[in-house]
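# Descriptive structure summary
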Amino acid sequence: MGSVGEQVGSAGLIELYRCMVRIRSFEEHAHKTFLKGGMPGFLHLYSGEEAIAAGVMDVLAPDDYIVTSHRGHGHLLARGGDPKRMFAELYGRVDGYCRGKGGSMHIADMGHGMLGANGIVGAAVNIGTGAAFACKYRGDRRVSVAFFGDGSTNRGTFHEALNLAAIWELPAIYILENNHYGVANPQSDHTKLKDLADRAAAYGFPGVVVDGNDVLAVRAAAAEAVERARQGGGPTLIEAKTWRHWGHFIGDSAKYRDPVEHQSWLDRDPIPAFGKVLVAKGVATEAELQAIGEEVEAEMDAAIEYGRQSPFPDVSELTMDVYVGDPQGTSAGGRS
Amino acid sequence: MTDIKPRTINYMQAVAEALILEMRRDPDIYIAGEDVGKFGGSFGVTGPVYKEFGATRVLDTPISETAIIGTAVGAAAAGLRPVVEILFVDFLPIAGDELFNQAAKIHYMFGGQVDCPIVVRTAMGAGIGAAAHHSQSLEALVCHIPGLITIAPATPYDAKGLLIAAIRDNNPVVFLEHKLLYAAKGEVPEGDYVIPIGKADVKREGADVTLICYSAMVRQCLASAEALAAEGISAEVLDLRTLVPLDKEAILASVRKTGRAVIVHEACQTGGFGGEIAAVIADQAFGSLKAPVKRVAGPDTPVPFSPALEAEFIVNAEKITAAVKALFAE
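Note that the structure is predicted; figures quoted are calculated from it, not measured.

## Regarding helix H8 (residues 215-230) of chain A
Residues and elements named next belong to chain A.
- Look at H8: 22 Å from first C-alpha to last across 16 residues, which is about the 22 Å you get at 1.5 Å a residue.
- Among the residues of H8, Val-215, Leu-216, Val-218, Arg-219, Ala-221, Ala-222, Ala-225, Val-226, Ala-229 and Arg-230 are the ones counted as buried.
- The distance from a side-chain oxygen at the start of H8 to the backbone nitrogen of Leu-216 is 3.0 Å, and the residue carrying that oxygen is Asp-214.
- Directly after H8, the chain includes Gly-232, whose backbone phi takes a positive value near 90°.

## So, the packing of helix H2 (residues 50-57) of chain A against H8 of chain A
Residues and elements named next belong to chain A.
- The N-to-C vectors of H2 and H8 enclose an angle of 40°; their axes lie 8 Å apart at closest approach. Comparing the axis directions of H2 and H8 gives the class oblique. Crossing angle aside, the handedness with which H2 passes H8 is right-handed. The residues of H8 that touch H2, namely those facing Ala-51, Ile-52, Ala-54, Gly-55 and Val-56, are Val-215, Val-218, Arg-219 and Ala-222.
- Of the residues in the contact of H2 with H8, the class split is seven nonpolar, one polar and one charged.

## Overview of the sheet that holds strand S9 (residues 201-204) of chain B
Residues and elements named next belong to chain B.
- Spatially, the five strands line up as an open sheet ordered S9-S11-S10-S13-S14, and their pairing is mixed. The open sheet has two edge strands, S9 and strand S14 (294-298), and neither has a second partner. Adjacent strand axes in the sheet meet at a mean angle of 25° when their direction is disregarded.
- Bridge analysis of strand S10 (residues 209-213) against strand S11 (residues 235-239) gives five bridges, and the strand direction is parallel.

## Overview of the domain arrangement of chain B
Residue and element names in this part refer to chain B.
- In terms of domain boundaries, chain B breaks down into domain 1 (8-187) and domain 2 (201-329).
- Each of domain 1 and domain 2 was reduced to a C-alpha centroid, and the two centroids are 26 Å apart.
- For the pair domain 1 and domain 2, the summed buried area comes to about 2,000 Å², and 61% of that belongs to carbon and sulfur atoms.
- On the domain 1 side of the contact with domain 2, Glu-139, Cys-143 and Ala-152 bury the most area, a combined 20% of that side's loss.
- Where domain 1 touches domain 2, the interface holds two salt bridges.

## A closer look at the interface of chain B and chain A
- Listed by partner, the interface residues are 47 residues for chain B and 46 residues for chain A.
- Summed over both partners, the interface of chain B with chain A buries about 3,500 Å², with 63% contributed by carbon and sulfur atoms.
- Looking only at chain B, the three residues that lose the most surface to chain A are Tyr-108, Phe-110 and Gln-113 of chain B, adding up to 18% of its buried area.
- Across the chain B-chain A interface, the total number found is zero salt bridges.
- Here chain B and chain A share 20 residue pairs in polar contact (both at pLDDT 80 or more) between them.

## Considerations on unusual backbone geometry
- Cis rather than trans, the peptide bond between Val-244 of chain B and Pro-245 of chain B has omega equal to 0°.
- Assignment of secondary structure puts Pro-245 of chain B in the loop between strand S12 (242-244) and helix H9 (248-258).
- Its identity is not glycine, yet Glu-169 of chain A carries a phi of approximately 50°, on the positive side.
- Its location among the elements puts Glu-169 of chain A in the loop between helix H6 (156-167) and strand S3 (172-178).
- Among the residues examined, Glu-169 of chain A registers a relative accessible area of 47% and is labelled partly exposed.
- Even without a glycine there, the phi angle at Ala-254 of chain A is positive, about 60°.
- Turning to its location among the elements, Ala-254 of chain A is positioned in the loop between strand S7 (236-241) and helix H9 (259-266).
- You can call Ala-254 of chain A buried: its relative accessible area is 8%.

## Remarks on the environment of Leu-193 of chain A
Residues and elements named next belong to chain A.
- Among the structural elements, Leu-193 can be located in the loop between helix H7 (187-190) and strand S6 (207-211).
- Counting along the chain gives 116 residues from Leu-193 to Gln-309, while the straight-line C-alpha distance between them is 48 Å.
- With near-sequence residues (within four places) excluded, Leu-193 lies in contact with Gln-187, Asp-198 and Arg-199.

## Focus: the packing of helix H3 (residues 65-77) of chain B against helix H4 (residues 96-103) of chain B
Residues and elements named next belong to chain B.
- Running from N to C, H3 and H4 point in directions that differ by 25°, and their axes come no closer than 8 Å. By the criterion of interaxial angle, the relationship of H3 to H4 is roughly parallel. Residue-level inspection shows Thr-66, Ile-69, Gly-70 and Val-73 of H3 in contact with H4, the latter providing Glu-98, Leu-99, Gln-102 and Ala-103.
- Of the residues assigned to the contact of H3 with H4, the class counts are four nonpolar, three polar and one charged.

## Describing the sheet that holds strand S4 (residues 81-88) of chain B
Residues and elements named next belong to chain B.
- Taken in spatial order, the seven strands of this open sheet run S3-S2-S4-S5-S7-S6-S12, and their pairing is mixed. The sheet is open, and its two edges are formed by strand S3 (58-60) and S12, each paired on a single side. Neighbour-to-neighbour, the strand axes of this sheet turn through a mean angle of 20°, independent of strand direction.
- In terms of strand pairing, strand S5 (residues 119-124) meets strand S7 (residues 173-178) through six bridges, oriented parallel. Looking at S7, one finds that Arg-121 is bridged to Phe-175.
- Along the sheet face, H3 touches strand S2 (29-33), S4 and S5 and points at about 165° away from the line of S4.

## Looking at the pairing of S14 of chain B
Residue and element names in this part refer to chain B.
- Relative to S14, strand S13 (residues 261-268) runs parallel, the two sharing five bridges. Across the sheet, Ile-263 pairs through a bridge with Arg-295, a residue of S14.
- With helix H10 (residues 273-284) bridging S13 and its parallel neighbour S14, the resulting β-α-β unit is right-handed.

Scoring rules and cut-offs
- Residues numbered from 1 in each chain as written.
- Chains lettered and ligands numbered in written order.
- Predicted model: local features only at pLDDT ≥ 70, side-chain atom pairs only at ≥ 80, totals over all residues.
- Heavy atoms only, no water.
- Helix = DSSP H or I, 4+ residues; strand = E, 2+ residues; numbered from the N terminus.
- Expected span 1.5 Å × (residues − 1).
- Buried < 20%, exposed > 50% of the residue type's maximum accessible area, 1.4 Å probe, protein only.
- Polar contact = N/O pair within 3.5 Å; in protein donor to acceptor, adjacent residues only side chain to side chain.
- Axes fitted to C-alpha atoms, helices over the stretch in contact; angles between N-to-C directions.
- Parallel < 35°, antiparallel > 145°, perpendicular 65-115°, else oblique.
- Left-handed = near helix turned anticlockwise from the far one by under 90°.
- Contact = heavy atoms within 4.5 Å.
- Nonpolar A, V, L, I, M, F, W, Y, C, P; charged D, E, K, R; others polar.
- Pairing = 2+ DSSP bridges.
- Domains from an automatic or database assignment.
- Buried area = accessible area lost by both parts, 1.4 Å probe.
- Salt bridge = Lys/Arg side-chain N within 4 Å of Asp/Glu carboxyl O.
- Right-handed = clockwise from strand over helix to strand, strands pointing away.

See the structure below:
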């Protein structure tokens with residue numbers, strides 16, 4: 001914790017810690033409930049990657065845009081999303097962000113400039129680039145941040161979007177959350193590159209590697225990229241190296257990972273690591289951190305219960321919002 | 001009184017005029033596509049638009065269909081109104097995710113929070129010797145995806161009024177311009193006007209049979225109707241103009257009147273949009289039918305290169321006339 005930690009200040013540091021704890025607690029509440037059979041669909045947990053969402057979101061302005069992937073709960077929570085409405089969406093209930101139509105993989109929250117999680121690997125890269133174009137077109141000094149995984153970088157959409165962002169000099173920040181597996185396919189099998197940030201060189205803008213389990217390192221890299229984008233300096237690709245604590249989705253036991261390597265990453269869990277820093281620097285006591293954990297547990301207990309209690313949408317909503325307005329001649333509807 | 005002379009322009013000029021008028025009205029509209037700017041568009045459509053608005057609003061892109069539509073989705077979600085060009089409809093499937101999974105679905109899957117007001121202009125159809133990768137009619141693919149609107153105008157007047165409507169609509173629209181129609185001339189008012197999306201147009205009235213068509217096939221149906229008239233058959237030509245949403249009422253009203261329906265499209269027959277139209281008629285106008293519903297469509301082949309084969313591929317007035325006459329012979 002060097003100069004950046006001093007810039008953030010004690011209160012800010014504790015908020016970063018709280019942010020990560022809230023994400024972990026949200027995910028583990030969903031995990032436990034899902035394993036008991038209490039939640040439909042399937043879930044991709046962000047546990048282990050919290051430092052990235054927390055660090056990046058801390059340097060964004062309220063009117064910036066973010067777009068994310070199927071593993072997107074953490075991004076919306078860090079952005080200020082309401083866990084009650086998120087859990088309602090995970091349950092497919094009408095009080096969810098998308099009235100239950102999107103589920104875990106498709107949560108959007110326009111109120112926080114969150115243009116959606118996405119079920120298609122890599123789609124966020126292009127959509128985030130388009131939002132960055134809107135920022136530049138209007139000249140409003142906003143930026144757009146796309147979050148995606150290492151698997152996305154092998155999709156054509158990634159390459160087309162980054163190239164376009166480069167030549168149009170867009171205020172786009174690409175956060176590559178490298179958890180080292182595209183589903184079960186290890187990085188060593190899906191690319192010859194050691195550092196995926198090297199791909200930025202192909203488009204002529206900076207690519208930065210950062211420890212994705214170090215919230216302050218992520219924050220510092222993001223701050224620099226965001227500032228460059230706001231000043232008209234164009235895009236940045238940040239590769240944050242991290243690790244999923246669980247499989248690709250709940251139910252994937254991830255036996256394809258080396259247990260020794262897995263344990264070495266668990267030992268570098270970003271939350272206790274940052275907690276130790278805070279205690280060592282006298283920012284917080286063990287008891288204070290424990291109190292944060294307890295507060296957050298209570299918050300998420302209540303949030304998941306809110307989601308569970310929310311009613312299902314009326315079946316008439318099946319055909320609602322297919323179109324804006326209500327075009328005749330289709331079996332679909334708008335919202336009349 | 002001023003003497004207002006009818007003004008005749010071509011289909012390409014009508015499209016450009018719609019773009020220019022809308023871009024003057026709304027600064028949130030931008031155009032992006034391959035060579036739409038400095039080069040003026042590969043078919044020459046956007047040249048006059050670039051001349052007026054320049055590179056900040058008419059943006060040349062790399063050959064990156066995925067990025068053209070994908071960034072349009074993001075820009076639309078962030079409040080802009082992109083009007084992007086995919087040079088040939090054959091290239092639309094390259095951006096299949098961005099169009100079919102993203103643009104079409106974000107309003108629905110995000111519970112109505114996000115609108116996606118995009119227009120994708122693209123050139124369709126055979127007839128210029130461009131073979132299998134630059135000649136298809138892929139409207140049925142687009143029509144199958146809920147959330148998209150599909151428009152395929154046949155005349156300069158319809159092209160201008162429908163493109164203005166498409167740009168003002170808050171849904172993603174695929175706007176199909178037939179490349180053989182770009183030079184077609186017709187009367188077009190100078191100012192802005194809107195043709196409502198989802199409204200068919202009777203291009204010729206008739207009593208004995210309804211020819212249901214769109215895009216370049218409207219001309220072929222009109223020529224066929226003329227030939228049929230000489231043989232004592234009165235054919236009505238119904239131009240759908242919009243495929244989704246489909247003007248079922250206009251189809252049913254015409255078929256109930258004539259009792260016979262021949263559906264004409266250039267696209268391959270199997271899985272073509274004609275099957276949907278036939279099903280609507282069978283379902284809701286069966287009692288009015290005096291003869292089976294017929295389709296005159298392209299064969300189930302890729303579009304061939306050889307001029308002899310391409311001419312055989314394309315539906316024309318003679319084939320339509322033969323199909324109608326067979327109906328009366330049955």
